[in-house]
Amino acid sequence: MPDQASVLFVCLGNICRSPSAEGVFRRLAEEQGLAGKLRIDSCGTGNWHIGKAPDARAVGAAGRRGIDISDLKARQILAEDLDRFDYVLVMDRSNLADVREMWHQNGGTEPRLFLEFSQSGQAEVPDPYYGGEDGFERVLDLIHEASEGLLEDIRGRLA
Ligand code: 4NP
């Protein structure tokens with residue numbers, strides 16, 4: 001059994017959903033004493049926001065739950081990421097199509113929808129970028145719930 005696991009969260013811009021997922025998942029892993037066994041990162045399929053901090057609305061919503069994501073910096077996914085992470089978890093079907101194309105070319109870890117680990121009955125974490133503040137709360141709720149399921153899966157795999 002492996003004693004380490006690595007998780008990459010992927011969305012479009014890497015300024016709303018995937019940095020939120022990185023922050024929430026890291027917090028839960030810390031609370032469950034698993035953080036030392038995990039490598040956690042996030043990225044976007046797009047290149048528009050490279051080097052930028054997360055969207056102020058995402059920083060604010062996470063901050064209200066006591067999670068600081070203000071230091072994260074957006075980056076774009078690389079083909080090598082599929083070789084470097086055990087879990088490549090995308091937010092919506094559009095992200096899935098984009099990363100699957102990379103996976104077909106490169107091989108490595110097959111991308112999956114993050115909400116496969118959720119009981120919500122929803123398949124996608126909706127893009128909150130063009131909506132209001134409540135979209136960001138919904139994103140955090142979905143991410144939190146899926147993170148619990150993901151940690152359970154990882155716990156089952158680790159030595
Ligand atoms: P994210 O949200 O994929 O959750 O980071 C978006 C951020 C930026 C854009 C779209 C979605 N954009 O079109 O710039």
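Residues numbered from 1 in each chain as written. Predicted model: local features only at pLDDT ≥ 70, side-chain atom pairs only at ≥ 80, totals over all residues. Heavy atoms only, no water.

Colleague: What is the right way to look at the pattern of salt bridges in this model?
Modeller: Between side chains of opposite charge, a pair can form when the charged atoms approach closely. Following the criterion strictly, the structure yields 14 salt bridges and no others. In this structure, Arg64 engages Glu133 in a salt bridge whose closest nitrogen and oxygen atoms are separated by 3.9 Å. Of this pair, Arg64 sits in helix H2 (residues 56-64) while Glu133 is found in helix H5 (residues 133-157), placing the two residues 69 residues apart along the sequence. Taken together, the shared-partner salt bridges in this structure form one network comprising Arg64, Arg65, Glu133, Glu137 and Asp141. (Salt bridge = Lys/Arg side-chain N within 4 Å of Asp/Glu carboxyl O. Helix = DSSP H or I, 4+ residues; strand = E, 2+ residues; numbered from the N terminus.)

Colleague: What am I meant to see in helix H1 (residues 17-31) here?
Modeller: Three or four residues apart is the spacing at which side chains of an α-helix point the same way, because the helix has 3.6 residues per turn. Between its first and last C-alpha, H1 extends 21 Å over 15 residues, near the 21 Å set by a 1.5 Å rise per residue. Taking burial as the measure, the 15 residues of H1 include 11 buried ones, the bulk of the element. Arg17, Ser18, Pro19, Ser20, Ala21, Glu22, Gly23, Val24, Phe25, Leu28 and Ala29 are the residues of H1 that are buried. Its buried side turned inward, H1 meets strand S1 (5-11), strand S2 (38-44), H2, helix H4 (93-106) and H5. (Expected span 1.5 Å × (residues − 1). Buried < 20%, exposed > 50% of the residue type's maximum accessible area, 1.4 Å probe, protein only. Contact = heavy atoms within 4.5 Å.)

Colleague: Before we go on, may I ask you to explain the site of the ligand in this structure?
Modeller: Neighbouring residues of the ligand: Cys11, Leu12, Gly13, Asn14, Ile15, Cys16, Arg17, His49, Asp127, Tyr129 and Tyr130. Tyr130 is positioned with one of its side-chain polar atoms (N or O) 3.5 Å from an oxygen atom of the ligand. Protein coverage of the free-state accessible area of the ligand, which is 360 Å², stands at 92%. Of the residues belonging to the shell around the ligand, the class tally is six nonpolar, three polar and two charged. (Near = heavy atom within 4 Å. Polar contact = N/O pair within 3.5 Å; in protein donor to acceptor, adjacent residues only side chain to side chain. Areas by Shrake-Rupley, 256 points an atom, 1.4 Å probe, with all protein chains shown as cover. Nonpolar A, V, L, I, M, F, W, Y, C, P; charged D, E, K, R; others polar.)

These figures capture arrangement, not role.
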